[in-house]
Amino acid sequence: MGSKLEGKVACITGGTRSIGRAIAEAFLAEGASVVVNGRDEAKGQRCLDEMGAGDRAAFYAGDASKQSSVEGLIDFTIDRYGQLDICCLNSGGVKMTAPVAQMTDEEWLLEIDWNLNHVFWGMRRSLQHMIPRQSGRVIVTSSVEGKLGKPGIPGYVTTKHAVNGLVKSAAHEVGTQGITVNAILPGIIETDIVRTTGPDSAIAMGLEGYDQMIALFTQESAIKRPNRVEEVAAVAVLLASDAARNITGCLFPVDGGTMPY
Amino acid sequence: MGVLEGRVACVTGGTRGIGLAIAKAFLDEGAKVVINGRDPAKAQASMDGLAAGDNVHFIAGDVKLRTDCEAIVQGTVDHFGAIDILVPNAGGGSDYAPVAQMTDEAMNDAMVWNFWHTFWTMRAALNHMIPREWGRIITMSSVEGKMGKPAISSYVAAKHAINGLTKSAAKEVGTLGITVNAVCPGAIETDVMMAQGPGAAEAMGLTYQGLLDMFAGESAVKRLNDAEDVAAVAVLLASDAGAGITGSMISIDGGTSPY
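Keep in mind the model is a prediction, meaning the values are calculated, not measured.

Participant: Help me understand the overall build of chain A, please; the structure alone is not making it clear to me.
Facilitator: Tallying secondary structure elements over chain A gives eight helices and seven strands in all. Here the C-alpha radius of gyration of chain A, 17 Å, is about what a compact globule of 261 residues would show, namely 18 Å. Overall, the C-alpha framework of chain A stretches about 50 × 40 × 35 Å when taken along its three principal axes.

Participant: For this particular structure, what's the right way to read the sheet that holds strand 6 (residues 178–185) of chain B?
Facilitator: Backbone-to-backbone hydrogen bonds join strands into a sheet, with any given pair of strands oriented parallel or antiparallel. Residues and elements named next belong to chain B. Strand order in the open sheet formed by seven strands is 3-2-1-4-5-6-7, and the pairing between neighbours is parallel. Each end of this open sheet is capped by a strand with a single partner; those strands are strand 3 (56–60) and strand 7 (249–252). Each neighbouring strand pair of the sheet contributes to a mean axis angle of 20°, computed without reference to strand direction. Summarising the sheet, strand 5 (residues 135–140) and strand 6 pair through six bridges and their orientation is parallel. Bridging across to strand 6, Ile 137 finds its partner in Val 180. Helix-sheet contacts for helix 2 (residues 40–50) involve strand 2 (32–37) and strand 3, and the interaxial angle to strand 3 is about 170°. The sheet strands contacting helix 8 (residues 227–238) are strand 1 (8–11), strand 4 (85–87), strand 5, strand 6 and strand 7, and the helix crosses strand 6 at an angle near 170°.

Participant: I keep staring at the environment of Pro154(A) and nothing clicks. Help me out?
Facilitator: Residues and elements named next belong to chain A. Here Pro 154 shows up in helix 5 (residues 154–174). As for Pro 154 and Asn 117, which are separated by 37 residues in sequence, their C-alpha atoms are 16 Å apart. Ignoring any residue separated from it by four or fewer positions in sequence, one finds Pro 154 in contact with Pro 99, Val 100 and Met 103.

Participant: Any chance you could explain the interface of chain B and chain A here in plain terms?
Facilitator: Where interface size is given, it is often the accessible area lost as the parts come together that is meant. Each partner contributes to the interface: chain B provides 28 residues, whereas chain A provides 30 residues. Of all elements in the fold, only helix 5 (153–173), helix 8 and strand 7 of chain B reach the threshold of two or more residues within the side of chain B that touches chain A. The dominant element in the side of chain B that touches chain A, judged by the number of residues it contributes, is helix 8 of chain B, at five residues. Considered class by class, the residues forming the side of chain B that touches chain A number 12 nonpolar, 11 polar and five charged.

Participant: Teacher, can you tell me more about the packing of helix 3 (residues 66–80) of chain B against helix 4 (residues 104–132) of chain B here?
Facilitator: All names here are of chain B. Packing of helix 3 against helix 4 leaves a shortest axis separation of 9 Å and a crossing angle of 35°. Judged by the sense of rotation from one axis to the other, the crossing of helix 3 with helix 4 is right-handed. On the side of helix 3, the interface is formed by Arg 66, Cys 69, Glu 70, Ile 72, Val 73, Gln 74 and Val 77, while helix 4 contributes His 117, Trp 120, Thr 121, Ala 124, Ala 125 and His 128. Class assignment for the residues of the contact of helix 3 with helix 4 results in seven nonpolar, four polar and two charged.

Participant: What is the right way to look at the nonpolar core in this model?
Facilitator: Nonpolar side chains tend to gather and get buried jointly when the protein is soluble and globular. Judged by nonpolar contacts, the single largest core of 166 residues is most densely connected at Phe27(A), Ala236(A), Ile22(B), Phe26(B) and Ala234(B). Not counting residues within four places of it along the chain, the set of residues in contact with Phe26(B) comprises Leu4(B), Ala9(B), Ala31(B), Val33(B), Val235(B) and Ala238(B). Among the nonpolar cores identified, the runner-up in size contains six residues, and Val94(A), Ala98(A), Ile153(A) and Tyr156(A) belong to it.

Participant: When you look at the sheet that holds strand 2 (residues 33–38) of chain A in this model, what are you seeing that I'm missing?
Facilitator: Residues and elements named next belong to chain A. The strand order across the open sheet formed by seven strands is 3-2-1-4-5-6-7, and the pairing between neighbours is parallel. Two strands lie at the open edges of the sheet, namely strand 3 (57–61) and strand 7 (251–254), each paired on one side alone. Across the sheet, the mean angle separating the axes of adjacent strands is 20° when strand polarity is ignored. Here strand 2 runs beside strand 3; their pairing, made up of five bridges, is parallel. By the bridge assignment for strand 3, Val 36 is matched with Phe 59.

Participant: Just to check I follow, could you spell out the environment of Ile35(B) for this structure?
Facilitator: Residues and elements named next belong to chain B. Within the secondary structure layout, Ile 35 lies in strand 2. Under the C-beta neighbour-count criterion, Ile 35 is labelled buried, with 31 such atoms within 10 Å. Between the C-alpha atom of Ile 35 and that of Ala 51, which follows or precedes it by 16 residues, the distance is 13 Å. What Ile 35 contacts, discounting residues up to four positions off in sequence, is Val 11, Gly 14, Thr 15, Gly 19, Ala 23, Ala 43, Ser 46, Val 56 and Phe 58.

Participant: Would you mind showing me how to read unusual backbone geometry here?
Facilitator: Comment: phi is negative for the bulk of residues other than glycine, and the bulk of peptide bonds are trans. Residue and element names in this part refer to chain B. In this structure, Glu 133 takes a positive phi of about 55° despite not being glycine. Summarising the element assignment, Glu 133 is placed in the loop between helix 4 and strand 5. Overall, Glu 133 belongs to the exposed group, with 11 C-beta atoms counted inside 10 Å. Of note in the backbone geometry, Ala 151 takes a positive phi value of approximately 75° without being a glycine.

Rules and cut-offs
Residues numbered from 1 in each chain as written. Chains lettered and ligands numbered in written order. Predicted model: local features only at pLDDT ≥ 70, side-chain atom pairs only at ≥ 80, totals over all residues. Helix = DSSP H or I, 4+ residues; strand = E, 2+ residues; numbered from the N terminus. Rg over C-alpha atoms; globule rule 2.2 N^0.38 Å. Pairing = 2+ DSSP bridges. Axes fitted to C-alpha atoms, helices over the stretch in contact; angles between N-to-C directions. Contact = placed C-beta atoms within 7 Å. Nonpolar A, V, L, I, M, F, W, Y, C, P; charged D, E, K, R; others polar. Left-handed = near helix turned anticlockwise from the far one by under 90°. Core = buried A, V, L, I, M, F, W, Y, C linked by C-beta atoms within 7 Å. Buried ≥ 20, exposed ≤ 12 C-beta atoms within 10 Å, placed from the backbone.

Spelled out as structure tokens, the structure:
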């Protein structure tokens, strides 16, 4: 049990499972209070039970692709714990991806809302709270696809590139105000959402199936294996801590050596 | 229990500045640490300050010499029985001037001090790490490993070269439990900066304060960095949790570099 985040308050979109859940547990282990968000009330309650952090953890139900949910999470966190120090905008993904030529408007708009607008809405709301306090951390879960591109997932690649730009710009706006804004860029991780949507994504990418998609991602890396949620959470703890006050506008890779820069 | 319990680290240029901060952070996390420097007298003061007893050991050596680089790595293995973490941290430059006036000696000095020292120690350390299938190499690059400034081309070229070496080595040993990463700090007012900054500033047509203001002005945080900030990143990269990060160039520069 550490104390790097003692007294800090964090909120995490998509925090009940996978990367978000690992970040929540790592923050709790370092002494923070954490609000996790997800769509499903029952899953949220189970998550709280499993984390067993008592009053230091709370759940906020809401769909991260909806503005009211994202802003509601920020407001709820401040209401519940009196402040917001660390805002993790982590939720994201695809539902029924396709190559550009076959992409539907519906899917495109969903991905823009889920992966990009959600980050903007959450960042804007939390900065409005952090700027007067001259203190804060915004941590965005981007992706290796925020720097690279793959066929069949154009919305994901586009929105992850976009959030990287948003992060860099915001970092320069608030750099002298005790607030850092960073992105973490994980390589492929076999999260619940990847397991759920991966088979369809693989077909959109022109691959035979899920296993081939995982193999494609891992072969591009130096470590030749998927990344792990704990590896992302350790970086999130560092970025959230006081020691990271001079890391901002940074696109922090956790991708086993995949990205060229 | 620290995250580096049972690990052995070697930090070149570890008696002051960034290297000393990394050594201290590693010791705090339970590692045994070899610090290297040229001057045993200076080292004694650093060792006294660390107050880490048998967990810290000094090896004298000049990183501009291949034989010394190899002896530092071998000395770490001989003293503590292994080398798990290598931080080739020493570096700098001399006789800064625009390319048109840069001497061979100045260019060579920066390349040997920064790049060749990193290569020599990395090669020696990998030969110990590969059979054990565990290792962490954290090279000391710089914001100048990603960007460029006039009149310090020797330093800029050497730091860019370190980034290339880092990325290539990472691909070679990626499946062997060994990661190779670079940290890219922005300007920090270390002893080396205080010693070499005035010369670099003069070559750029600036005062020393003007040089520091330029570095701070380029960042988002509008101030210089601290050695401890770099040490925190080094601890993460050296830990088990850092296993999924390799070939990266982590910026600790207050938002200066564009990528």
